[in-house]
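What follows is the residue order along each chain.
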Amino acid sequence: MKDFVLMMIGAALVNNVILARFLGLCSFMGVTTRIDTAAGMGLATTFVITVSSMADWAVQHWLLDAFGLGYLRTVTFILVIASAVQFTELTIKKVSPALFQMLGIYLPLITTNCAVLGVALLLVEGHMSFLGATLFGFASALGYSLVMVIFAGLRERLALAEVPRLFAGPPLGFIVASLLAMAFMGFSGISTG
């Protein structure tokens, strides 16, 4: 049990998919102008990463490994992810049309979000059990969502601040993202003993 907790903390905070692995940067920079949009994107991506982690684990172990089809891993994983995204998109459109409108093009682009595929490939590389893969995917997604919401909050505050014109917009966003990444590096010093 302790191993699962440590793995989840590590996946969410220490090895965060955005700040440590640099995956999912397109949505990180594109959707984080408002907290509500970032939270919606985080929830949608959390669902997709968790569901696709479970499905990708099953496909890897019961199909690709069983029949020696490892060379089809990337294509197969993308198909699983695309199916999960399509389901998520239809659900959000039905449940919350306002959130669907706010997320716009970024919602279907979860399919090509490298964070989602990256987590699936990390599961295979880590040779995890089904429970481990599910918890790792969920924790990675929570870390993704946490960073998205924190960064959106910082950007909302910075939108009200007077900054030099040279730093306005994306340059300031990259500076804040780098400072946030440095802050998350502090989690790597946590003692587990």
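Residues numbered from 1 in each chain as written. Predicted model: local features only at pLDDT ≥ 70, side-chain atom pairs only at ≥ 80, totals over all residues. Heavy atoms only, no water.

### A word on the overall build of the protein
Note the cut-off: The numbering of helices and of strands both runs from the N terminus, where a helix is a DSSP run of H or I of at least 4 residues and a strand a run of E of at least 2. All radius of gyration figures rest on C-alpha atoms, and the globule criterion is 2.2 Å times the number of residues raised to 0.38. Any residue under 20% of the maximum accessible area for its type is buried, any over 50% is exposed, and the rest in between are partly exposed; the area is computed with a 1.4 Å probe on protein chains only. Any pair of residues with heavy atoms lying within 4.5 Å of one another is described as a contacting pair. Per-residue accessibility takes into account occlusion by the displayed protein chains alone, with areas from the Shrake-Rupley method and a 1.4 Å probe.
If you tally the helices and strands in the protein, you get eight helices and zero strands. For 193 residues, the compact-globule formula gives about 16 Å, and the C-alpha radius of gyration of the protein, at 17 Å, lands near that figure. Here the protein holds 193 residues, and the buried ones make up 42% of them. Look at the contacts in the protein between residues 6 or more apart in sequence, and 78% of them connect residues 24 or more apart. Only carbon and sulfur atoms are counted for the fraction: they give 72% of the accessible area of the protein, which is about 10400 Å².

### Brief notes about the layout of surface pockets
Counted only if it meets this: Think of a 1 Å grid over the protein atoms and nothing else: a 1.4 Å probe that fits but is trapped marks a cavity, an open set flanked by protein within 12 Å on at least five of seven lines marks a pocket, and residues with an atom within 4 Å of a point count as lining. Grid points are joined across faces, edges and corners, and a volume is the space filled by probe spheres set on the points. Only Asp, Glu, Lys and Arg are considered charged in this grouping, and only Ala, Val, Leu, Ile, Met, Phe, Trp, Tyr, Cys and Pro are considered nonpolar; every other residue, Gly among them, is considered polar.
For the largest pocket, the calculated volume is near 240 Å³. Lining the largest pocket we find 15 residues, and of these I18, L19, A20, F22 and A181 sit closest to its centre. Residue assignment for the lining of the largest pocket shows that the elements contributing at least two residues are α2 (25-30) and α8 (170-185). With five residues, the top contributor of residues to the lining of the largest pocket is α8. In terms of residue class, the lining of the largest pocket is made up of 13 nonpolar, two polar and no charged.

### Remarks on the confidence of the model for the protein
Just so we agree on the cut-off: A score from 0 to 100, pLDDT tells how confident the predictor is in each residue.
When pLDDT is averaged across the protein, the result is 89; 98% of the residues are at 70 or more. The secondary structure element of the protein with the lowest average pLDDT is α2, at 82, and the one with the highest is helix α7 (residues 130-160), at 94.

### So, the side chain of S140
Turning to its location among the elements, S140 is positioned in helix α7. Dropping the residues within four chain positions of it, S140 is found in contact with A11, V17 and V119.

### Details of the pattern of salt bridges
Worth spelling out the cut-off: We count a salt bridge whenever a side-chain nitrogen from Lys or Arg sits within 4 Å of a carboxyl oxygen from Asp or Glu.
Following the criterion strictly, the structure yields one salt bridge and no others. With its nearest N and O atoms 2.6 Å apart, the salt bridge here joins D36 to R34.

### Considerations on unusual backbone geometry
The residue F22 is not glycine, and still its phi comes out positive at about 55°. As for its placement among the helices and strands, F22 is situated in the loop between α1 (2-14) and α2. Given the relative accessible area of 56%, F22 is considered exposed. Even without glycine at this site, H127 takes up a positive phi of about 50°. For H127, the position within the fold is in the loop between α6 (114-126) and α7.

### A closer look at the packing of aromatic side chains
Note the cut-off: Only centres within 6.5 Å qualify two rings of Phe, Tyr or Trp (six-membered ring in Trp) as a pair; their planes then separate them into stacked at under 30 degrees, edge-to-face at over 60, and tilted for everything else.
In total, this model carries five aromatic pairs according to the counting rule given. Measuring from ring centre to ring centre gives 4.3 Å for F28 and F151, while their planes differ by 20°; the resulting arrangement is stacked. Highlighted residues: F28 in helix α2 and F151 in helix α7, separated in sequence by 123 residues. When the ring of F184 is compared with that of F187, the centres are 5.3 Å apart and the planes differ by 75°; the resulting orientation is edge-to-face. Taking the relative accessible area as the measure of exposure, F187 reaches 30% and is therefore partly exposed. These aromatic residues form a ring-pair network of at least three members: W57, W62 and F130.

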